[in-house]
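Coordinate inspection notes
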Amino acid sequence: MSRIGVFICHCGENIAGTVDPAKVAETAAKMPGVVYAVDYKYMCSDPGQNLIKDAIKEKKLTGVVVAACSPRMHEPTFRAASAEAGLNPFLCEMANIREHCSWVHEKTDATTEKAIELVRIMVEKVKRNRPLYPIKVPVTKTALVLGAGVAGIQAALDIANAGHKVALVEREPSIGGHMAQLSETFPTLDCSQCILTPRMVEVARHPNITLYTYSELESVEGFIGNFKVKIRKKARGIDETLCTGCGICSQKCPRKKIPSEFEAGLGLRPAIYVPFPQAVPNKPVIDRKNCTYYLKGKCRVCEKFCEKKAIRFDQKDEIIELDVGAIVAATGYDIKGTDFFPEYGYGKYPDVITGLQFERLASASGPTLGAIKRPSDGKEPETIVFIACAGSRDPAKGIPYCSKICCMYTAKHAMLYKHKVHRGKAYVFYMDIRAGGKMYEEFVRRAIEEDGVVYIRGRVSRIYEEDGKLVVKGADTLLGGEPIEIKADMVVLATAMVANKDAEELAQKLRVSYDPYHFLSEAHPKLRPVETNTAGIFVAGAVQAPKDIPEAVAQASAAAAKVAALFSSSELSREPVIAVVNRLPPPEYSTCTGCFLCEKACPYQAIEREEIRDKKGNLIKTVARINPGLCQGCGTCVALCRVKAIDLEGFTNEQVFAEVCSLG
Amino acid sequence: MKLGYYPGCSLKGSAREFDESILALAGRLDLHLEEVPDWNCCGSTAAHNLNHLLSLALPARVLALAERANLNEILVPCSACYNRLATAAYELGQDDALRAEVSGIIDMEYKGTAKVLNIIEALNKVFAEAGEIKIAKPFNHKVACYYGCLMVRPPKVVKFDRPEEPESMDELIKKIGGEPVTWAFKTECCGAGLSVSRTDLVCKLSGKIIENAVKAGADALVVACPMCHANLDMRRPDIEKFMGKKYPIPALYITQAIGLALGLDEKELGLHRHLVPVILPERAQPAGPEKAAQEKPAAGAEE
Amino acid sequence: MSEFEPKIVAFVCNWCTYAGADLTGTSRIKYAPNVRMIRLPCTGRIDFMLLLKAFDQGADGIIVSGCHPGDCHYTAGNFHARRRWIIFRSALEFLGIDTRRVHFAWVSAAEGAKWAEFVNSVTDEIKKLGPYETYKKAVGAGIE
Amino acid sequence: MEELRKKARELLETGAVKVVIGYGKGSGQNARAVFVRKAEYADKLICDESCVQNLAVYLTKPEVKALGKPAIVAKLPVLRTILQLAAENQIAEGDLVVLGVSPDGKIIDLQNFKAIEDYVAQFPFELTPEQKAEIEKIGKMSLEERWQYWQEQFGRCLKCYACRAACPLCYCSRCLVECNQPQWVPAAPHAIGNLEWHIVRAMHLAGRCTNCGDCERACPVGIQLSLLNLKLAEEVLKNFKTRAGASSKAEYALGNWKEEDKENFIK
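Definitions and limits used
Residues numbered from 1 in each chain as written. Chains lettered and ligands numbered in written order. Predicted model: local features only at pLDDT ≥ 70, side-chain atom pairs only at ≥ 80, totals over all residues. Heavy atoms only, no water. Helix = DSSP H or I, 4+ residues; strand = E, 2+ residues; numbered from the N terminus. Buried < 20%, exposed > 50% of the residue type's maximum accessible area, 1.4 Å probe, protein only. Contact = heavy atoms within 4.5 Å. Areas by Shrake-Rupley, 256 points an atom, 1.4 Å probe, with all protein chains shown as cover. Polar contact = N/O pair within 3.5 Å; in protein donor to acceptor, adjacent residues only side chain to side chain. Phe/Tyr/Trp six-rings, centres within 6.5 Å; stacked < 30°, edge-to-face > 60°. Lys NZ or Arg CZ within 6 Å of the ring centre and 35° of its normal. Axes fitted to C-alpha atoms, helices over the stretch in contact; angles between N-to-C directions. Parallel < 35°, antiparallel > 145°, perpendicular 65-115°, else oblique. Left-handed = near helix turned anticlockwise from the far one by under 90°. Pairing = 2+ DSSP bridges. Disulfide = S-S within 2.5 Å. Buried area = accessible area lost by both parts, 1.4 Å probe. Salt bridge = Lys/Arg side-chain N within 4 Å of Asp/Glu carboxyl O. Nonpolar A, V, L, I, M, F, W, Y, C, P; charged D, E, K, R; others polar. Expected span 1.5 Å × (residues − 1). Arc of directions from axis to C-beta.

Before going further, it helps to examine the overall build of chain C. What chain C contains, in helices and strands, is five helices and four strands. Listed N to C, the secondary structure of chain C is β-α-β-α-β-α-β-α-α in terms of helices and strands. In chain C, which comprises 144 residues, the proportion classed as buried is 69%. Across chain C, contacts joining residues at least 24 apart in sequence account for 83% of those joining residues at least 6 apart. Within the structure as shown, chain C displays about 4,100 Å² of accessible surface, and the carbon and sulfur contribution to it stands at 56%.

Okay, here's the thing in structure tokens:
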């Protein structure tokens, strides 16, 4: 005979404000099986929890229902409390009378009535709860880090330095990501590559890190501690073991006029190339879309000149399978191109460029070796207009969020320009200046006060070309909305930071959720910022939301710490909420008929075939068996099974059935 | 093809030549235009500045009348009218309660079945139907296509062409052997709203438009809105005074340009009504079609 | 006689709709108190029998809700559910069971407002339809 | 007929099979299932239009399994059922010999599942015009009429489960209705008990039923059971483009999904 205790929380006024806890307690006390019901101001407080613990002991409770907030909030709290009092934690359930009742309904009898029924539902359920025990699963102490920008690099190094193996996967031919493209970094103006490249080298040298460049994630199976991942190592067209990175192939390649991705289209590269001089690894790739040999079937000049005979035209993509225990997604971001802006000419004006392109112009290693020259005619611009919030914070363009880094890098750009072109005029159109960060505000003031950058608060309505100048039409909303026109030689758009094109696909491969803009979602916006709602998968950097370098690095280290914690023991225990196939005494053994229609339905391939044999080893029947390591407890098989041979611990047929019946 | 026709007040007054040229084209391209019976003012611009309901009721009545007359597609040449009718159709399409209320006001049921077409949409339809169009005299001129502000905006309402840099009129010009120039002021404001109260602003705004068109090397401005035309043509003397510069460049309606290409008579098209005489410099190689051909194979059909 | 207050049973998945309903709460968006939510891990877990049981227990309306296609926490549970409901619904239809009383919706963890709207619209519709007498009669008929 | 008996004789003589499941003379005009285990009894086998029962039902019965490897006389619905049973891992290639019988009574040689698949592929699984009409008629009724119609039909149900016994796809060793913890379906033959039983059965057969019609033939009170099953078979075809009993590797329509599956009722 079950002895259920019901504990109703006031949550201060949050519940008691609209629901009558005393009435709920009083009614609950009369429910069959309930031996104790009490209400209290804050159940989650220590005295509140003690109330439960004492009751469990004194009243010899066989089940506990806490009617309070959402189980997503405090279920762990109360289950832990129950466990401390010696009650199996899975005999404790919560009735959500706050989020689903007091907060969403007016103060009426109906609301209290609903609270009572929510309690009744849970009482009926908990009567049928069974003690459950955590499932222990082994942990593969290898981490997969996706993306080798600054975030991925940081995460990989931290995990590796904690003594664990790391597989670092980068889709581009070299690691480094966007940071390698930047000129100087705000607010210190130290050279981006100077601080990044040592880290890149460290990654390459690290004994615990295996680097997979020019590679992409193919598929992910399994679960926390036991992921099986496939990685596609795209054909570089060279034998990396032989190549010395001498670069003769690139020098001799007859096709040299291909816009360089690394130079954001402002520079050119050959068909066989290393993205940039400090690339890691310093091995070229053949761009098959542009290589004469792949296009026309002849050439192979590079092959002739390669002394090491490292060129491999017939090389195929390679699929590498890895077992990993945790995954860190650090695949970064993309930016909108100038073609995204009709009012700025749909990208048809060569001298309207993006912030990233300006970084290349300003970079000492860039196409102009750091000289600010406009793309159209290579002239030094006498006037540059910088437009912040190009696309960002613009619901009409489908990008209502703030890209966060633009205010700072625009100030930096204007500053760099003024440092290089002293008599040049720099204007910045802005909405607000968001310079929250250590030394950030000071940095912006410096641009304005010391370097004389002209900040105009207003939006630019249109840019057009007239007499070889770019006419920038805007309004100064601080000076009574006076329309202004600036004849500029170059315009730099701080275009919005957006998720990668395939971010959604990645999210679906990883089975993590993502927001409307395809940035991956963290498990909790405040309390679990680097975890995803899929156990064992973490996020770092701009893949989760726009971020600047320090934030990305911080998050990467945080993710690394989470991974290290996960790897700290060779076994982790999982919630025992999984499906089971019943077993009965002979001659039935199980009601499972072995139709295995559930097999294909399982998203986790967790359903196996078990042969039941007699002592002589003759096959009696083949029945389904659930691999407790693989099962995630979705219960799809349970609903599918015609004979109800499968059941889901924690949500058994009996429990759910009783819940529904309690409503009668 | 049959279309409903809502000329609006301008086409019966200051922009008669727009009306005339449309009817002339209709005659030539077997387009049967049926005027919406007992139509009223679209409410532009005054109404929607003063009374939202009124600004919906006026166009709604026109649309309702059209529905009664079983006109499911209405040609609305004036951009201002087009914008008002489209806006009303949009807003009432979003909100059944509002639709009911407005139906009550005009005491006629407005169902929302009638579709509003601007002049470009209509011409495209006609051309598409006709398939091959006989070009008598290729409109072999460099043209600045001026769309004005109302035809393409707001995008979510009119859902027509690219709001910032439309192309549809340029395509039409190519079809008749003309050469549209790339220029920056396709959709800039001409100042129509202030035409009377602040003529100086009109001069400034329209002046820039003309200036930019000329700089882009256009022989003519082609427009699709009576307001724009009034400012670019009628106000030319003031503009020239303001800019301190003479601009001989004529401003035609797209319908007139097409009319000329189809070989219609200038009088029929009402060219004589313009204040800026429509004198178009003959160009060396009558390369209309070929030129067009290179740009758009489809236009090759013109020979 | 006071206004008819329908009994509505909602079967929701834990990851999207239950969380979405939590968000409705944290955002303090009000909705009709007629709905009783039964939390399951995934729409894939929702046995069609449960819906019948809900009617047996005198439900006047039923809600089934989970993650949007492609967003299932278990990758595909909701896709399985979708097929199940397509067939189950036509079965009910064919047998003369009132499918205007069975409502389905994808409600994500971010759609707190949608949940409130949905519950209200369902409650209103069921109120219009009145109590599910035909079924209740049939249930009654069982007990001698 | 002779051809069939000859084949059966051979199979039993050579010991290729231990039993031939076929049709024999029953009471009156009816044929009944016979289980021929000795060659000399092979001429008890008959094969004419009176032979309608879906013999595949016996393939999964323990008693029959106990007899040893069977040969089975199989007309079209039986062949489909065999494939469906194979798809559900109830029988495997080589477990049985199939004596296919063509509509004109010829014995067709069907060595393996593949051969059966190719053969049945020539006969599209289609509803008869009558069945189509019936379903349409019910579809056209008002909600209330439809409810009344089925209440009247199910009202007659005695819960004798003859439909289940006759159905070759109801091979579960313990049917859901015997499940009492919880008691999903009320045991008593009252309105709801009957309604739920028939919904459960229809749902369990959706995407599996091969339209042999034995449930309806078996029903002692003449409930139009197959209408419901066929209706759902049509829905499965319409929505998921699959028919049961087409292949030994067929995927179960309700155990599968496609991203592009369409519905118009989920908000």
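This next bit is on the environment of Ser376(A). Residues and elements named next belong to chain A. Relative to the assigned elements, serine 376 resides in the loop between α12 (355-362) and β21 (383-390). Counting along the chain gives 26 residues from serine 376 to proline 350, while the straight-line C-alpha distance between them is 5.6 Å. With near-sequence residues (within four places) excluded, serine 376 lies in contact with Pro350 and Asp351. Of the polar contacts made by the side chain of serine 376, one reaches the side chain of aspartate 351; its length is 2.5 Å. At 3.5 Å, the side chain of serine 376 forms a polar contact with the side chain of aspartate 377.

Going through the model one piece at a time under the given rule, you end up with 34 aromatic pairs over all chains. When the centroid spacing of 5.1 Å and the interplanar angle of 85° are considered together, the rings of Phe657(A) and Trp184(D) count as edge-to-face. Highlighted residues: Phe657(A) in helix α19 (residues 653-661) and Trp184(D) in the loop between α7 (162-166) and α8 (191-205), drawn from two different chains. An identical accessibility class is assigned to Phe657(A) and Trp184(D); each is buried. Where Phe104(C) meets Phe265(D), the ring centres are 5.0 Å apart and the plane angle is 65°; that geometry is what we call edge-to-face. Taken together, the positions of Phe104(C) in strand β4 (residues 102-106) and Phe265(D) in the segment after α10 (225-240) put the pair across two chains. Pair check on accessibility: Phe104(C) and Phe265(D) agree, each one buried. Through successive ring pairs, a cluster of aromatic residues spans Phe48(C), Trp85(C), Phe88(C), Phe104(C) and Phe265(D). Here Lys336(A) stacks its cationic end above the ring of Phe340(A), 4.4 Å away from the centre of that ring. Lying across the ring of Trp103(A), Arg28(C) places its NZ or CZ 3.7 Å from the centre.

Right, let's talk about the packing of helix α7 (residues 150-161) of chain A against helix α8 (residues 192-205) of chain A for a bit. Residue and element names in this part refer to chain A. Relative orientation of the contacting elements α7 and α8 amounts to 45°, with a least axis distance of 10 Å. Considering the angle they form, α7 stands oblique to α8. Two packed elements cross with a definite hand, and for α7 against α8 that hand is left-handed. When α7 is examined against α8, the residues Val150, Ile153, Gln154, Leu157 and Asn161 are found in contact with a partner set consisting of Leu196, Arg199, Met200, Glu202 and Val203.

Residues and elements named next belong to chain D. Counting buried positions along strand β4 (residues 97-101) gives four out of five residues, so the element sits mostly inside the fold. Here strand β3 (residues 70-74) runs beside β4; their pairing, made up of four bridges, is parallel. Among the inter-strand pairings, alanine 71 is bridged to a residue of β4, identified as valine 97. Where β4 and strand β5 (residues 107-110) come together, four bridges link them in antiparallel fashion. The partner of leucine 99 across the bridge, within β5, is aspartate 109. Hairpin geometry of β4 and β5 is characterised by an intervening segment of five residues between the two adjacent antiparallel strands and by a positive phi of about 80° at glycine 105.

Time to look at the state of the cysteines. Every disulfide links exactly two cysteines, by a covalent bond between their sulfur atoms. Applying the stated rule across the entire model yields two disulfides over all chains. Paired through a disulfide, Cys191(A) and Cys194(A) show a sulfur-sulfur distance of 2.2 Å. What sets the handedness of the Cys191(A) and Cys194(A) disulfide is the S-S torsion sign, and at about 95° it is right-handed. For Cys194(A), a relative accessible area of 49% translates into the label partly exposed. Note that Cys16(C) is cross-linked by a disulfide to Cys67(C), the S-S spacing being 2.2 Å. The S-S bond linking Cys16(C) to Cys67(C) shows a torsion near 100°; that makes this disulfide right-handed. On the criterion of sequence distance, the pair formed by Cys16(C) in the loop between β1 (8-13) and α1 (17-26) and Cys67(C) in the loop between β3 (61-66) and α3 (77-94) is long-range, its members being 51 residues apart. Accessibility assignment for this pair places Cys16(C) and Cys67(C) in one class, buried. Residue Cys41(B) stays outside any disulfide, its sulfur separated by 5.0 Å from that of Cys42(B), the closest cysteine.

Time to look at the interface of chain A and chain C. In this complex, chain A contributes 45 residues to the contact, which on the side of chain C involves 42 residues. Between chain A and chain C lies a buried interface of about 3,800 Å² when both sides are counted; carbon and sulfur atoms form 60% of it. When the area that chain A buries against chain C is broken down by residue, the three leading residues are Arg72(A), His100(A) and Trp103(A), summing to 17%. On the surface where chain A and chain C come into contact, there are four salt bridges. Connecting chain A to chain C are 18 residue pairs in polar contact (both at pLDDT 80 or more). Put simply, the parts of the chain that give the side of chain A that touches chain C at least two residues each are α4 (71-84), α5 (98-102), α6 (109-127), α18 (636-640), β34 (646-648) and α19 of chain A. The greatest single-element share of the side of chain A that touches chain C, amounting to six residues, is contributed by α19(A). Of the residues belonging to the side of chain A that touches chain C, the class tally is 20 nonpolar, 15 polar and 10 charged.

Turning next to the pairing of strand β30 (residues 571-574) of chain A. Residue and element names in this part refer to chain A. Of the two faces of β30, the one holding Leu572 and Arg574 is buried and the one holding Glu571 and Ser573 is not buried anywhere. Of the pairings in the sheet, the one linking strand β5 (residues 135-138) to β30 comprises four bridges and is antiparallel in character. Opposite valine 137, over in β30, you have leucine 572 as the bridge partner.

We now examine helix α1 (residues 2-13) of chain D. Residues and elements named next belong to chain D. The terminal C-alpha atoms of α1 lie 16 Å apart, and with 12 residues this matches the ideal 16 Å at 1.5 Å per residue to within 8%. When we look at burial in α1, the residues that qualify are Leu4, Arg5, Ala8, Leu11 and Leu12. Along the axis of α1, the buried residues cluster in a sector spanning 125°; they form a single face. Where the residues of α1 are buried, they touch β1 (19-25), β2 (31-36), β3, β4 and β5. Trailing α1 by a residue or two, glycine 15 shows a phi angle of about 70°, which is positive.

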